[in-house]
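Each chain, written out:
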Amino acid sequence: MIKITIGIVNRNNKNLLFSLLKSIFKNKPSKNFEVIVIDNYSSDSSVEMIEDNFKKVKIIQNSENLGWAKAANIIIEKSVGEYVLFLNEDMVIIENCIDTLSDFLDKHPHVVSVSPKLLNEDMTIQIHDTSHFPPKFTEMLLNKLRIKRKMPTYNKTEKVSYAIGAGMYRRQALLDIGLIDTDYYMFGEDIDIGYRLMKKGWQSYFVPDSKIIHYGSQGTRKNKDDRIAMKYKLRALKGILL
């Protein structure tokens, strides 16, 4: 029986995807798992790379770029795991990361989503929103502008409003809220998911004992997309507050 589905949406990020997949199988969870990669019409031989190097990975090829949300919904629908962990191509798994997240869900049945601590490539803490409503855009802005300040530790396991970045969810909870809203083509979906889960009375947690290296802005989220990201996050926030 599959316990965990690891889902990745890829578009033209062959090298980053290789590093991510390598880290998954190097630091694989102790529970039974599957890896599903949705390829959004890549032209850089991403699919061939997977076929040549990672025989256990399930590949679904789209005939066009569907964006992240639609592709992620395919992962949810095609997966068989009790839990679904979404990863971006520009991430690298650290030892026990996946087990730590799944163990937390096992021990806390009222919790439906969890997210790890994000680290930079040099293993320093990556400043990121710890996911409260309304979102703490200040932290993201300071990080983007490279403004130095006292670094938060992100060492506290705490209840949050949504799972940011690499979130692990109970698959049934995602089905119960009607999957991911595809109006969020690529960004803002984490806020919307969290809000809809909260409306059901379910909880999300930040679990810093689970760690992932996040290169950031090297995957699908490049300069132009950063501006799109803010647009969608603001749109999500507006809908939540109204």
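Further up the page is the structure itself.
All of these numbers come straight from a predicted model, not from anything done at the bench.

Asks: Lay out the overall build of the protein chain in plain terms, naming residues and giving numbers.
Replies: The secondary structure content of the protein chain amounts to 8 helices and 9 strands. Put simply, the protein chain has 242 residues, and 53% of those count as buried. Partitioning the contacts of the protein chain with sequence separation of at least 6, the portion at a separation of at least 24 is 80%. Of the roughly 11800 Å² of accessible surface on the protein chain, a fraction of 50% belongs to carbon and sulfur atoms.

Asks: Explain the side chain of serine 102 to me, and be specific about the residues and the numbers.
Replies: By the element assignment, serine 102 lies in helix 4 (residues 97–107). Within the structure, the side chain of serine 102 is placed 3.1 Å from the backbone oxygen of aspartate 99, a separation counted as a polar contact.

Asks: Describe the nonpolar core, listing the residues and the values that go with them.
Replies: In terms of nonpolar packing, the biggest core is built from 32 residues, with Leu21, Ile24 and Leu87 touching the most fellow members. Considering each element in turn, this core owes the most residues, 5 residues, to helix 4. Sequence-distant contacts of isoleucine 24, that is, excluding residues within four places in its chain, are made with Ile6, Ile8, Phe33, Val35, Leu87 and Ile93. Grouped together as the second largest cluster of nonpolar side chains are 22 residues, Ile36, Phe86, Tyr169 and Ile180 included.

Asks: Give a description of unusual backbone geometry that names residues and reports values.
Replies: For serine 45, which is not a glycine, the phi torsion comes out positive at approximately 70°. When you line up the elements, serine 45 lands in the loop between strand 2 (33–39) and helix 2 (46–53). The backbone of leucine 179 sits at a positive phi, close to 65°, despite the residue not being glycine. On the secondary structure map, leucine 179 appears in the loop between helix 6 (171–176) and helix 7 (189–199). Judged by its relative accessible area of 14%, leucine 179 falls in the buried class.

Asks: Residues and numbers for the pattern of salt bridges, please.
Replies: Overall, the coordinates contain 7 salt bridges when judged by the stated rule. One salt bridge connects lysine 58 with glutamate 34, and the closest N-O pair in it is separated by 2.6 Å. Taken together, the residues lysine 58 in strand 3 (residues 58–61) and glutamate 34 in strand 2 connect sequence positions 24 residues apart. Arginine 196 is the salt-bridge partner of aspartate 192, the closest N and O atoms lying 3.0 Å from each other. On the criterion of helical spacing, the pair formed by aspartate 192 and arginine 196 is a turn pair, its members being 4 residues apart in helix 7. Classification of aspartate 192 as buried rests on a relative accessible area of 11%. One salt-bridge network, held together by shared partners, links Lys3, Lys31, Glu82, Asp99, Asp103 and Asp106.

Asks: Outline the pairing of strand 2, listing residues and values.
Replies: Across the 7 residues of strand 2, 7 count as buried, placing the element largely inside the fold. What you see with strand 2 is no split at all: Phe33, Val35, Val37 and Asp39 on one side and Glu34, Ile36 and Ile38 on the other are buried throughout. In the sheet, strand 1 (residues 4–10) pairs with strand 2 via 7 bridges, with the strands oriented parallel. Directly across from isoleucine 4, in strand 2, lies its bridge partner phenylalanine 33. In this region the chain leaves strand 1, passes through helix 1 (residues 14–26) and returns to the parallel neighbour strand 2; the handedness of that crossover is right-handed.

Rules behind the numbers
Each chain carries its own residue numbering, running from 1 in the direction its sequence is written. Local features in this predicted model are restricted to residues of pLDDT 70 or higher, and side-chain atom pairs are both shown and tallied only at a pLDDT of 80 or more, whereas totals for entire chains, interfaces and linings draw on every residue. To get the side-chain values, all heavy atoms of the structure are used, and hydrogens and water are removed first. Elements are defined by DSSP. Helices are runs of H or I of four residues or more, strands are runs of E of two residues or more, and each kind is numbered from the N terminus. Only protein chains enter the accessibility calculation, which uses a 1.4 Å probe; a residue is then buried when its area is under 20% of its type maximum, exposed when over 50%, and partly exposed in between. Contact definition: two residues touch when any of their heavy atoms are within 4.5 Å. Per-residue and other accessible areas were derived by the Shrake-Rupley procedure at a 1.4 Å probe size, with only the shown protein chains allowed to occlude residues. Any pair of nitrogen or oxygen atoms within 3.5 Å is treated as a polar contact; in protein, a donor-acceptor pairing is required on top of that, and neighbouring residues in sequence qualify only through side-chain atoms on both sides. Joining through side-chain atoms within 4.5 Å is the link that ties buried Ala, Val, Leu, Ile, Met, Phe, Trp, Tyr and Cys residues into a set, and such a set is a nonpolar core. A pairing counts as a salt bridge when a side-chain nitrogen of Lys or Arg comes within 4 Å of a carboxyl oxygen of Asp or Glu. In short, DSSP must find at least two bridges between two strands for them to pair. Orient the strands so they point away from the viewer; a crossover is then right-handed if the path from the first strand over the helix to the second runs clockwise.

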